Amino acid sequence: MEIQLWREFLDPYALAVDELMIKFNHLMTAFRKSDDYCPIELVQGRVKSIASIIEKANRKKIPLEDIENEMWDICGIRLICQFVEDCYQVVDMIKSRTDMEVVSENDYIAFPKDSGYRSFHLRILYTVQSVSGPKKIHGEIQVRTLGMNSWSTIEHSLQYKYRSNIPDELKIRLRNTADGMIETDKELSSIRDEIRSARELRFEEERIVNDILLSIQNLYRFVSHREAVRIQEEFYDIYKEQNIEKLRHFATELDIIAEGYRAQTIN
Ligand code: 0O2
């Protein structure tokens, strides 16, 4: 295929990757705004490079004219989670969506590959509006934990170095580190509630601080500069104590003060 034709061929895949990344990032924001725990930690996406498509087509004996139907990961999305349980929740969420159709799945988390590779793969069909009308794109979504992701990223680099001929001794060591990663994931899952509540507390603190700063900014319109600075310093002192209860209380007090000024202005 000529370079220009490759560009045209890959264009709808780029659109699909962009759209899917926006959708999953938006989902993360929606979870956080609603104070719910977000099972997705990070969204990544890429269109497979031409070199990688050709290499894979050769390796899997896929004629170039068939790659559109036979290669699923030209449009690739990776959803990275904190815990194994989150991966399955994310998989269920994807399956229940109406804007993408899951056509098959491979659970390499429950059934790791011989290499030690773990991830949940979903093959999807996703429609984009291209210049020539709607086009159904084949895509692959990989769902994995942070641990699985670091292992596979490292192993993938070694595959490049050794061109699929990783020495046996190194393969065994990689396998052992993959086993270690399974134990780490299990251990993290067992303290999941603790980690989740710490994380929620952090997000809540961030939200309260943002609210307080906004209220102080608004107060500048109603109180003297000196008074606003005094309130600001009071906030800094409370913030230093790292006591979320006191922060909550301070935010409520500020709300009451702001409400009082607002009422005065209306009257
Ligand atoms: P890149 O550079 O990651 O884009 P599937 O049909 O997808 O459920 P299968 O048959 O393994 O599973 O598919 P394939 O096409 O061999 O692998 C799809 C992708 O999964 C790979 O893309 C990798 O991203 C990842 N993957 C699969 N097996 C391994 C593995 O043993 N180690 C690592 N590190 N990743 C793996 P590509 O083509 O490698 O390219």
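Predicted, not measured: the structure shown is a model, and the values here were computed from it.

> Requested: an account of the environment of serine 150, with residues and values cited.
Among the structural elements, serine 150 can be located in helix H5 (residues 146-162). Spatially, the C-alpha atoms of serine 150 and lysine 61 are 29 Å apart, while their sequence positions differ by 89 residues. A distance of 3.2 Å separates the side chain of serine 150 from the backbone oxygen of glycine 147, its partner in a polar contact.

> A description of the site of the ligand should follow, citing residues and the corresponding values.
Arg46, Lys56, Asn106, Lys113 and Glu140 are the nearest of the 20 residues found near the ligand. At 3.0 Å from an oxygen atom of the ligand is found a side-chain nitrogen or oxygen belonging to lysine 60. With the chains in place, 84% of the 740 Å² that the ligand exposes on its own is no longer accessible. Sorting the residues of the shell around the ligand by element identifies helix H2 (50-59), strand E4 (120-130), strand E5 (133-145) and H5 as the ones contributing at least two each. It is H5 that provides the largest number of residues to the shell around the ligand, a total of four residues.

> Can you lay out the packing of aromatic side chains for me, pointing to particular residues and giving the numbers?
Overall, the coordinates contain seven aromatic pairs when judged by the stated rule. Seen from their ring centres, tyrosine 88 and phenylalanine 120 are 5.9 Å apart, and the 85 degrees between their planes marks the pair as edge-to-face. Of this pair, tyrosine 88 sits in helix H4 (residues 84-95) while phenylalanine 120 is found in strand E4, placing the two residues 32 residues apart along the sequence. Each residue in the set Phe235, Tyr236, Tyr239 and Phe250 is aromatic and connected to the rest through ring pairs, giving one cluster. Lying over the aromatic face of tyrosine 108, lysine 113 brings its terminal NZ or CZ to 5.0 Å of the ring centre. The ring of tyrosine 37 carries arginine 196 above its face, with NZ or CZ at 4.0 Å from the centroid.

What counts and how
- Residues numbered from 1 in each chain as written.
- Predicted model: local features only at pLDDT ≥ 70, side-chain atom pairs only at ≥ 80, totals over all residues.
- Heavy atoms only, no water.
- Helix = DSSP H or I, 4+ residues; strand = E, 2+ residues; numbered from the N terminus.
- Polar contact = N/O pair within 3.5 Å; in protein donor to acceptor, adjacent residues only side chain to side chain.
- Near = heavy atom within 4 Å.
- Areas by Shrake-Rupley, 256 points an atom, 1.4 Å probe, with all protein chains shown as cover.
- Phe/Tyr/Trp six-rings, centres within 6.5 Å; stacked < 30°, edge-to-face > 60°.
- Lys NZ or Arg CZ within 6 Å of the ring centre and 35° of its normal.

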